[in-house]
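# Commentary on secondary and tertiary structure
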Amino acid sequence: MENNLLISVVLPVFNGEKFLSKSIESVLNQTYQNIELIIVNDNSNDNTLNISNQYAEKDSRIKIISNPINKKLPASLNIGHNACKGDFITWTSDDNFYEPDTLKILSDNLLKEEADVVYSNFTLIDDKDQKIREVMLPGIENLIFGNVISCCFMYRKEVYERNNGYNEDYFLIEDYDFWLRAAVHSKFNHINRSLYNYRKHEESLTNQITVDSEKNILWKKNLKAMFLSFWENFVKINYSEMAEFSTKFLWFEKIEFDWLVANNDKIKEVKAEIKKNQNFSNKLLTEKVFLKKTIEVMINEKDTKRNFSRSAFIIKNYAKALDKNALKTLIKYSFFK
C-alpha cells in the first residue's frame, strides 16, 4: 500500500537568516508532499520571521509559531511538537538541509521495518555548501557511549508521547537525552544512506560547545546528570559506575584500566541487563561495543609495560567478540609500544 501518512517537520530557529531559506526549501521540495512544516521562531532579532512569513504566504503547509521570549532549543522543540498533526515527526535546523527523497525514504523505512525511530547517515558540508565528507553512523548498540542518531531521523508520534517530550533542563544535549530515553521503549533502525546535509560553521551550537567555556561547562553538567538518570532507570543496578564510564568517554577524560578491572563484574551484570532490550539484543554487537571501549582505555594508558597483562584480561573477557582488527591492536600495544 502506498505510504501517504502526514509527516510533521519541526524547524526551531533563532537568528537563522543566513541559511534559513535553504533549509525551508529543502522541506517544501521533498518528493513526499504530504507534509506540514512548523517553524518555531525563538524570538529572533534578525530577518528570520520575515523570511518565514514570505514562504508561509506561498505555501499553506507552513505554520509559524513565534515565542514571545527566547526559550532555547528544547522548549522550542516541545512547542513545535505539541502543534504537530502528523503520524510521523522529524525536526531539522535552519543551517542544514535535506536531500529531495529524505522524508519518503525515512517514512517508508519506518513502515517496512516496523520501527519506531529511524536514522540515517549524513554529509558534512561547509558554509559554502561544499562537501567535506560523508559521515557513516554506527549501529544503535553504540548509543550508550555517544549520540549515534545524530541529525537525520524520523519517529512515530507515540515516541514523543512516551518520552513526555524533550527535557527542557537539558539544553545542548536535549536530542541525545531524548534518544537514550526512547531506546528504553522504542525500536530503532539505521538506514545506511546519506540523506541529510549537516553544515559545519563557527556559529553552530555544536561548535559553540567547544569554543564557549560557559556552554562547555553547561554541556558537561547536563551530560553527567543525563547519564546518571538514564542508567538508573535503564538497568537499576551499578548505575553510578556506568554513568561514570559513559560520561568520561564523552568528556574525553582518562579512565584507568585498573578501574575497569575492579568493576568488571559490575559491567558484566549491566551488559546482561541491557541485552534484554530490543535495541541491544544482538549480544555479539553489544559485546563488541564494550570491547572497543576497553581497548581504547588500554591504548590511552601511559604505562605500557603492563599492556601484555591488560591484553590477556581483554582476551579472557571478550574472546567471543574479538576480530582480526582487535587482535592486531592488542598485539601492537602489547609487544611494540
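Let me sum up the structure you'll find in this document. Computed from a predicted model, the values in this text were never measured in an experiment. (Residues numbered from 1 in each chain as written. Predicted model: local features only at pLDDT ≥ 70, side-chain atom pairs only at ≥ 80, totals over all residues. Heavy atoms only, no water.)

### Section: a nonpolar patch on the surface
- On the surface, F308, I315, L327, I331, F335 and F336 cluster together into a nonpolar patch covering about 640 Å² of accessible area.
- Of all the secondary structure elements, the ones that give two or more residues to the nonpolar patch are α13 (307-318) and α14 (324-335).
- Top element by residues in the nonpolar patch is α14. It accounts for 3 residues.
- Summarising the element assignment, L327 is placed in helix α14. (Patch = residues over 30% accessible without salt bridge, like charges linked within 9 Å, V, L, I, M, F, W, Y side chains within 5 Å. Areas by Shrake-Rupley, 256 points an atom, 1.4 Å probe, with all protein chains shown as cover. Salt bridge = Lys/Arg side-chain N within 4 Å of Asp/Glu carboxyl O. Helix = DSSP H or I, 4+ residues; strand = E, 2+ residues; numbered from the N terminus.)

### Focus: α13
- Given a rise of 1.5 Å per residue, 12 residues ought to cover 16 Å, and the 16 Å separating the end C-alpha atoms of α13 matches this to within 8%.
- Residues of α13 that are buried: N307, R310, S311, F313, I314, N317 and Y318. Take α13 and look down its axis: the buried residues cluster within an arc of 155°, on one side only. Set apart from the buried face of α13 by more than 90 degrees, the exposed residues are F308 and K316.
- Looking at the buried side of α13, the elements it contacts are α10 (257-262), α11 (264-274), α12 (283-299) and α14. (Expected span 1.5 Å × (residues − 1). Buried < 20%, exposed > 50% of the residue type's maximum accessible area, 1.4 Å probe, protein only. Arc of directions from axis to C-beta. Contact = heavy atoms within 4.5 Å.)

### With respect to the layout of surface pockets
- Considered as a void within the structure, the second largest pocket measures approximately 290 Å³ in volume.
- Elements with a minimum of two residues in the lining of the second largest pocket: α12 and α14.
- When residues of the lining of the second largest pocket are assigned to their parent elements, the largest contribution, 7 residues, is made by α12.
- Along the lines of polarity and charge, the residues of the lining of the second largest pocket split into 7 nonpolar, 3 polar and 5 charged. (1 Å grid on protein atoms, 1.4 Å probe; cavity = no way out; pocket = protein on both sides within 12 Å on 5 of 7 lines; lining within 4 Å. Points joined across faces, edges and corners; volume = space filled by probe spheres on them. Nonpolar A, V, L, I, M, F, W, Y, C, P; charged D, E, K, R; others polar.)

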